[in-house]
Amino acid sequence: MQAKQLYEFGPFQLSTAEHLLLRDGEVVPLTPKVVDVLALLVERNGHLLEREELLSAVWTDSFVEEANLTVSISALRKALGEQADGQQYIETVPKRGYRFVADVKRLNDWDEELIVYERTRSSIIVEEERETNDNETCLIDRSIVAELPGDFRPLSLSQSSALSELFEPAGGAVPLDSRFYIVRSTDQQFQSSVARGDSIVLVKGARQVGKTSLLARGLESARQAGARIALTDFQMLNSSHLESASTLTLALAGLVAEQLDLDVSPEEAWNPKRGPSVNLERYLRREALNKTTSHIVWGLDEIDRLFACDFASEVFGLFRSWHNRRALDPAGPWRRLTLAIAYATEAHLFITDLNQSPFNVGTRLLLEDFTLEQVAELNRRYGSPLRNDSEVVRFFQLVGGHPYLAQRGFYEMATRGVPLSELEANADSDEGPFGDHLRRLLISLSQAEGIRGAVQAVLQGRPCPDGESFYRLRSAGVLSGDSARTAEPRCQLYAIYLRKHLC
């Protein structure tokens, strides 16, 4: 924690260093931009902040309308419960801006440490002793051990089991309220595209790069801005849903109807004589778009599963037609529908008719691995198990910016007290911290026809034999690079492990 960055007002504590608002020790879920707005208001307590000043300070890297600020203020008032308890925190100065009017107490360094300890989401407490004249015992949160003043002893291994609940295990989507989520530039680009109401927003990235977590945050931001949200995870669909275009479109309509709470079920509106695409389009237009004035954002995650279906072009062509409708029927309802699509596979390997593809229109975003600076920030959030810049660089060289591997490594070091040297020594072991992940990777490569030779070529320093193999391996998160000629293993750990087993 940085000094002088924790404030208290009413039942709330605001930590600008941790980017957290708490009420009686419990985290209040807010988007990062909303926390930024609150921080500026609280830091300038009692003083007017002009709208233009707030917009330029919070949305520094993008052009946004004043509506974004209005929505953020509305979200803050709801989170602070102004109407419920009668307490006013934010005063609106008409045509000018806003002023934070509640009494604010800026906590000193020691109060700050205690509050940070008390608000730990897991409520796991680690007892450490600090040498003082009174030999007093202090209770602290492990996540700030490296940043507290004074010389605290490092965490003992006997205490590491308690810390496993303090940190989130790697794998799967990162919870919305997680302090371990690293915001990348693509996050802001995605949220801005959805806020503009773009017809199709595409998020492409390798496996386990964080697309689902980004999608979840973008949809939540749109939800707070007043949009109606539907989300379809194609991994959750079973084989019967993917038997034909008819079964898939009916399943998609059912999922949308349930999430948007539509009055008419798809079964009531479906007519087999119309065809699957016409049925889905007609249902969305009549029951969703024409019966609300709100913008609808439909998130489609893991849509790669559809590429293997022989009817994929029919469904993708339907998505593309909704994009075209905006130009052909500008007064129609399709301008209020945004498709947010997350995928990894190279679409051009499966879609030969570009006029039937939604992957070459709309807004296209690329989600890449963490940078060195972002890995260093993640290290700080895990309590700095990497003790200096040199160790951060060594760790980055081992796992690259691979989000899953980075989080898995930090979790191992933070919860078990494993030093970097030990992590490096066991990294490529089947019984090591990354063993289960590496074994699955090896099995996947062994089962993919014609892929083993392509990987062997890259591991031996030669170009990937053909473009199709390169794109498949890059989509799977095995290789990185811009082309088959520049292909290389995604990280040093992959190179070491795969050379041992494939070469």
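Residues numbered from 1 in each chain as written. Predicted model: local features only at pLDDT ≥ 70, side-chain atom pairs only at ≥ 80, totals over all residues. Heavy atoms only, no water.

Points about the pattern of salt bridges
This is how the line gets drawn: Take a side-chain nitrogen of Lys or Arg and a carboxyl oxygen of Asp or Glu: if they are within 4 Å of each other, that pair is a salt bridge. A run of DSSP states H or I qualifies as a helix once it reaches four residues; a run of E qualifies as a strand once it reaches two. Both are numbered from the N-terminal end. A simple rule labels every residue: compare its accessible area, found with a 1.4 Å probe on the protein chains alone, to the largest value its type can have, and call it buried under 20%, exposed over 50%, or partly exposed in between.
Scanning the model with the defined rule gives 16 salt bridges in all. E50 is the partner of R96 in a salt bridge, and the nearest nitrogen-oxygen pair spans 2.6 Å. Of this pair, R96 sits in the loop between strand 6 (90-93) and strand 7 (97-100) while E50 is found in strand 5 (residues 48-50), placing the two residues 46 residues apart along the sequence. The exposure class of E50 is partly exposed, given its relative accessible area of 26%. Across the salt bridge formed by R490 and D369, the nearest N and O atoms sit 2.7 Å from each other. With a gap of 121 residues between them, R490 in the loop between strand 17 (488-489) and helix 20 (492-502) and D369 in the loop between strand 15 (363-366) and helix 13 (372-381) connect regions that are remote in the sequence. Given the relative accessible area of 9%, R490 is considered buried.

Some remarks on helix 20
Convention followed: In this description, contact between two residues means that some pair of their heavy atoms is separated by no more than 4.5 Å.
Burial in helix 20 covers these residues: L493, Y494, A495, Y497, L498 and L502. As for helix 20, its buried residues are in contact with helix 14 (389-399), helix 15 (403-416), helix 17 (435-447), helix 18 (451-459) and strand 17.

Notes on the sheet that holds strand 5
Short version of the rule: At least two DSSP bridges between two strands are required for those strands to pair. Axis definition: a line fit to C-alpha positions, over the contact stretch in the case of helices; interaxial angles, taken between N-to-C directions, run 0 to 180 degrees.
Strands sit in the order 5-7-6 across an open sheet of 3 strands; the sheet is antiparallel. Strands at the two margins of the open sheet, each flanked by one partner only, are strand 5 and strand 6. Ignoring which end each strand starts from, the neighbouring axes of this sheet average 30° apart. Examined bridge by bridge, strand 6 and strand 7 share 4 bridges and lie antiparallel to one another. Bridging from a neighbouring strand, E91 pairs with R99 of strand 7. Of the strands in this sheet, strand 5, strand 6 and strand 7 touch helix 1 (residues 32-43), which is tilted by about 65° from strand 7. The sheet contacts of helix 2 (residues 51-58) involve strand 5 and strand 7, and relative to strand 5 the element is tilted by about 70°.

Comments concerning the nonpolar core
Filter applied, for reference: Residues belong to one nonpolar core when they are buried, are Ala, Val, Leu, Ile, Met, Phe, Trp, Tyr or Cys, and are joined through side-chain atoms within 4.5 Å.
Within the largest apolar cluster, 46 residues are counted, with the highest numbers of intra-cluster contacts made by F395, L445 and L498. Among the elements that take part in this core, helix 15 stands out by supplying 7 residues, more than any other.

Quick look at unusual backbone geometry
Here the phi dihedral of K95 falls at roughly 65°; this positive angle occurs in a residue that is not glycine. With relative accessibility at 86%, the residue K95 sits in the exposed group. In this model, E302 sits at a positive phi of 55°, which is unusual for a non-glycine residue. Counting through the fold element by element, E302 comes out in the loop between strand 13 (296-301) and helix 12 (312-328).

With respect to the packing of helix 7 (residues 185-196) against helix 8 (residues 211-224)
In plain terms, the rule: We call two directions roughly parallel when the angle between them is under 35 degrees, roughly antiparallel when it is over 145, roughly perpendicular when it lies between 65 and 115, and oblique otherwise. When the near helix sits turned anticlockwise from the far one by under a right angle, the crossing is termed left-handed; a clockwise turn instead gives a right-handed crossing. In the scheme used here, Gly and all other residues not listed as nonpolar or charged are polar, with Ala, Val, Leu, Ile, Met, Phe, Trp, Tyr, Cys and Pro taken as nonpolar and Asp, Glu, Lys and Arg as charged.
One can describe the packing of helix 7 onto helix 8 by two numbers: an axis separation of 9 Å at closest approach and a directional angle of 40°. When the interaxial angle is binned, helix 7 and helix 8 end up oblique. For the pair helix 7 and helix 8, the sense of crossing is right-handed. Within the contact between the two elements, helix 7 uses T186, D187, F190, Q191 and V194 and helix 8 uses L214, L215, R217, G218, L219, S221 and A222. Tallied by class, the residues present in the contact of helix 7 with helix 8 amount to 6 nonpolar, 4 polar and 2 charged.

As for helix 18
Of all the positions in helix 18, only I451, A454, V455, A457, V458 and L459 are classed as buried. Packed against the buried residues of helix 18 are helix 17, helix 19 (467-475), strand 16 (479-480), strand 17 and helix 20. Just beyond helix 18, the residue with positive phi is G461, at close to 90°.

With respect to the packing of aromatic side chains
Stated formally: Geometry of aromatic contacts follows a simple scheme: Phe, Tyr and Trp rings, the Trp one being its six-membered ring, pair when their centres are within 6.5 Å, and the pair is stacked under 30 degrees between planes, edge-to-face over 60, tilted otherwise. Should the NZ of a Lys or the CZ of an Arg lie within 6 Å of a ring centre and within 35 degrees of the ring normal, that charge is described as sitting over the ring.
According to the stated counting rule, one finds 19 aromatic pairs in the structure shown. Relative to F316, the ring of F307 has its centre 5.4 Å away and its plane inclined at 45°; by these criteria the two rings are tilted. Here F307 and F316 have matching classes, each one buried. Taking the centre distance of 5.6 Å and the plane angle of 45° together, the rings of F319 and W322 count as tilted. Residue F319 and its partner W322 are located together in helix 12, separated by 3 residues, close to a single helical turn. By relative accessible area, F319 is classed as buried at 0%. Residue classification places W322 among the buried residues on the basis of a relative accessible area of 3%. Linked through ring pairs, W298, F307, F316, F319, W322, W334, Y343 and F359 together constitute an aromatic cluster. R217 extends its terminal NZ or CZ atom over the ring of Y181, reaching a point 3.6 Å from the ring centre.

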